[in-house]
Amino acid sequence: MSVKSIHVAKQMAPTAGIAIGPILFIIAVLGILAAAIAAGSGSFTTGTAGESNKAKASALIDIGQNLKIGFDRITANGIPFADVVIGVDETEATEDLFSPSGGGITAPSTTMGDTPLTDDWMYPLIRIKGIGTAAGQRVAVLKVTVGVCDEINLKTIGLAAGTATTQTADLGDFSGDPDTKIDDYALWPTEFQGKPVGCVLNENVGSAGYFFYQVIGIQ
């Protein structure tokens, strides 16, 4: 019995040592992966924020175009520019932007705004250099973050990041009476003159910050 036991032990010894190589290899791979994850975690976070900004910018551009289509639909049906009604509670008349029989669209979401719970869409009458007459144009605006602003300008005008920041000016209080024309014609930033859609940095005390804008009605 003892002779057989010794013989079996001699046969098993070399086989048992073979598993050590693969185990060490797996440990080494796991170590490399852990180091790579730790090193790339920062860039992953940055990449996620960038993708979010791009998605919000695209959504805002689509919303702006939808608002313009609705406004154009009303005026095409014979409603004068000045009689178009824009209000989330005005949804029944033919002159209402958010009425099925009017503009045929629904009020836009604020989820792409800088502070979604408090930021609202505003529709000031603005005289913009290079667009329409001195009577002013109906514009949809929403406050956004600088990252979203840069993406909007890249997608719509092809402007480099930071352009809005360097083209700053007091562009008026967007939150004021929507029927009172904001006439900062001479102050409208050069890079945005004649551009019906984009994102500007407003230094006005009542409406300070980065604002997506879309001209929805021209007169």
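Note that the coordinates shown come from a computational prediction; the quantities given were computed from them, not determined experimentally.

**Observations regarding the packing of aromatic side chains**
So, point 1. As enumerated under the stated definition, the model contains four aromatic pairs in all.
So, point 2. A centroid spacing of 6.1 Å and a plane angle of 90° characterise the contact between Trp121 and Phe212, whose relative ring orientation is edge-to-face. In this pair, Trp121 sits in the loop between α2 (20-76) and β1 (125-126) while Phe212 sits in strand β4 (residues 209-217), placing the two residues 91 residues apart along the sequence. Each of the two residues, Trp121 as well as Phe212, counts as buried.
So, point 3. Across from the ring centre of Tyr185, 3.8 Å away, lies the NZ or CZ of Arg127, which sits over that ring.

**Focus on the environment of Pro189**
So, point 1. Assignment of secondary structure puts Pro189 in the loop between α4 (163-166) and β3 (197-202).
So, point 2. A sequence separation of 26 residues divides Pro189 from Thr163, and the C-alpha atoms of the two residues are 10.0 Å apart.
So, point 3. If sequence neighbours within four positions are ignored, Pro189 has contacts with Gln167 and Leu171.

**Section: the sheet that holds strand β2 (residues 137-144)**
So, point 1. On the basis of which strands lie adjacent, the open sheet formed by four strands has the order β1-β2-β4-β3 and antiparallel pairing. Two strands bound the open sheet, and with one partner strand each, they are β1 and β3.
So, point 2. Here β3 runs beside β4; their pairing, made up of six bridges, is antiparallel. Each residue of the ladder has a partner; that of Cys199, found in β4, is Phe212.

**Here's the deal with the confidence of the model for the protein**
So, point 1. Chain-level statistics for the protein give a pLDDT mean of 87 and a share of 79% at 70 or above.
So, point 2. Low confidence marks residues 1-10, where pLDDT is under 50. Its contacts with residues over four positions away, or in another chain, come to zero contacts.

**Describing the pairing of β2**
A regular strand places its side chains on the two faces of the sheet in alternate fashion.
So, point 1. Judged by how many residues are buried, β2 sits mostly within the fold: seven of eight residues are covered.
So, point 2. As paired elements, β1 and β2 share two bridges and run antiparallel to each other. Note that in β2 the partner of Ile126 across the bridge is Gln137.
So, point 3. In this sheet, β4 lies alongside β2 in antiparallel orientation, the contact comprising seven bridges. Looking at β4, one finds that Ala140 is bridged to Gln214.

Each value, and the rule that gives it
Residues numbered from 1 in each chain as written. Predicted model: local features only at pLDDT ≥ 70, side-chain atom pairs only at ≥ 80, totals over all residues. Heavy atoms only, no water. Phe/Tyr/Trp six-rings, centres within 6.5 Å; stacked < 30°, edge-to-face > 60°. Helix = DSSP H or I, 4+ residues; strand = E, 2+ residues; numbered from the N terminus. Buried < 20%, exposed > 50% of the residue type's maximum accessible area, 1.4 Å probe, protein only. Lys NZ or Arg CZ within 6 Å of the ring centre and 35° of its normal. Contact = heavy atoms within 4.5 Å. Pairing = 2+ DSSP bridges. pLDDT = per-residue confidence, 0-100.

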